[in-house]
Every structure is written in structure tokens, then in C-alpha cells.
Amino acid sequence: EIRLTRSEDTEPILAAVTGLLTGNFPGLKAVDWKTRNKSLFSALALERIVMFIVLGFIILVASLLIVSSLVMLVLEKAREIAVLKALGASNAAIVRTFVVIGAVIGLVGSASGMTLGVGTCLFIDLIGVPLPKEYYISSLPVVLDPMEVVVVGLASFVICIRATLYPSREASLLQPVEGLRHG
């Protein structure tokens with residue numbers, strides 16, 4: 001068994017050891033830690049895909065909650081919307097108002113989710129999650145890719161903005177007479 005201080009040196013060292021074994025001990029075979037722990041890395045890759053799907057569903061549910069809360073806000077504020085339209089507010093101004101409300105909700109949700117997620121990853125990296133002894137890695141590796149964090153954050157924010165379009169359009173189409181009558 002050979003332990004290295006840098007994991008990047010695995011391939012050249014493995015090639016050198018394999019060359020020594022082939023010439024001197026033809027029955028022996030050298031295996032690196034990546035090959036030996038292939039099942040762990042396959043499980044981690046599968047877990048990453050599953051977590052991406054779960055995250056997608058969570059964002060979808062959150063966007064539907066934004067849609068439903070803004071639809072309820074439109075229904076509750078029908079009288080106020082009707083008064084604004086009667087005073088001369090344009091449809092675009094009403095749409096902008098509701099998009100801004102949805103954007104604030106999306107921004108707060110995305111920022112808090114990203115902060116919580118990055119904080120959790122940093123905490124796990126700090127304390128380490130020990131693995132069973134059959135693996136030659138002592139703790140679960142945590143790789144925090146800033147690009148992935150930014151992409152997920154932006155995607156969730158864009159989904160939230162898109163979720164505001166239907167309720168804001170419905171609010172802008174509200175006729176002042178109907179809003180005052182039923183509001």
C-alpha cells in the first residue's frame with residue numbers, strides 16, 4: 001500500500017508501480033484509490049443527479065406557491081388595483097408592481113437558500129462526515145463549485161420571476177368596475 005500526500009499524483013505513481021510489478025511480479029496487480037472506491041463514487045454521482053431532480057421539484061413547488069400567493073394577493077387587492085386603474089395607472093404599471101413583489105420574494109428565497117446550502121456544505125467540510133473503514137477515504141469529500149451555486153441561484157430566481165407573470169397579467173386585466181364591485 002502506498003499513501004500519497006497529493007491525490008493528483010495517483011496516475012503517474014500507479015503507472016510506475018504497475019511497470020515495476022509487471023517486470024518483477026507478473027501475478028500482482030496495482031489498483032488505485034479511484035478504482036478501489038468506484039462504487040462510492042458511482043453512488044455519489046447518482047446521488048448528485050437525484051439531488052438535482054429533487055432540487056428542481058422543490059423550486060417548482062416554491063414557484064407554484066409564489067403563483068398562488070400572488071393570485072391571492074390579486075384577489076385581496078382587487079379594490080386597490082381598481083382604484084389605481086381608475087386613477088390612471090396603466091396595465092404595465094400594475095404588471096411591474098406585481099413582478100417587483102414576486103422578484104423580492106424570489107430574491108429573498110434564492111439568497112437564503114443559497115446561503116443555507118453553502119453554509120451547510122462548509123459545515124460538513126469543516127466537521128467531516130466519516131465513512132466506513134472499507135473505504136480508503138476517511139471522510140466524505142465536499143466539493144463546492146461556485147459556478148453551480150450561481151447557476152442554481154439564478155435559475156431559481158428566474159423561475160420565481162416567471163412565476164409572477166401570470167398573476168401580474170391577471171391583475172393588469174382587472175377592470176376597475178369589476179374590482180370596485182367585487183373587491
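The structure under discussion appears in the preceding block.
In this text the structure is predicted, and so the values were computed from the model without any measurement. (Residues numbered from 1 in each chain as written. Predicted model: local features only at pLDDT ≥ 70, side-chain atom pairs only at ≥ 80, totals over all residues. Heavy atoms only, no water.)

Quick look at the pattern of salt bridges
Applying the stated criterion to the full structure yields 6 salt bridges. The salt bridge partner of arginine 6 is aspartate 9, with a shortest N-O separation of 3.4 Å. Taking relative accessible area as the criterion, arginine 6 reaches 46% and is therefore assigned partly exposed. Among the residues examined, aspartate 9 registers a relative accessible area of 27% and is labelled partly exposed. Lysine 34 is the partner of glutamate 11 in a salt bridge, and the nearest nitrogen-oxygen pair spans 2.8 Å. With glutamate 11 in helix α1 (residues 10-24) and lysine 34 in helix α2 (residues 33-36), the pair connects residues that are 23 residues apart, well separated along the chain. (Salt bridge = Lys/Arg side-chain N within 4 Å of Asp/Glu carboxyl O. Buried < 20%, exposed > 50% of the residue type's maximum accessible area, 1.4 Å probe, protein only. Helix = DSSP H or I, 4+ residues; strand = E, 2+ residues; numbered from the N terminus.)

Comments concerning the layout of surface pockets
The calculated volume of the largest pocket comes to roughly 1800 Å³. Met51, Leu55, Cys121, Glu148 and Val152 are the residues nearest the centre of the largest pocket, which is lined by 42 residues in total. Put simply, the parts of the chain that give the lining of the largest pocket at least two residues each are α3 (38-76), α5 (91-127) and α6 (146-172). (1 Å grid on protein atoms, 1.4 Å probe; cavity = no way out; pocket = protein on both sides within 12 Å on 5 of 7 lines; lining within 4 Å. Points joined across faces, edges and corners; volume = space filled by probe spheres on them.)

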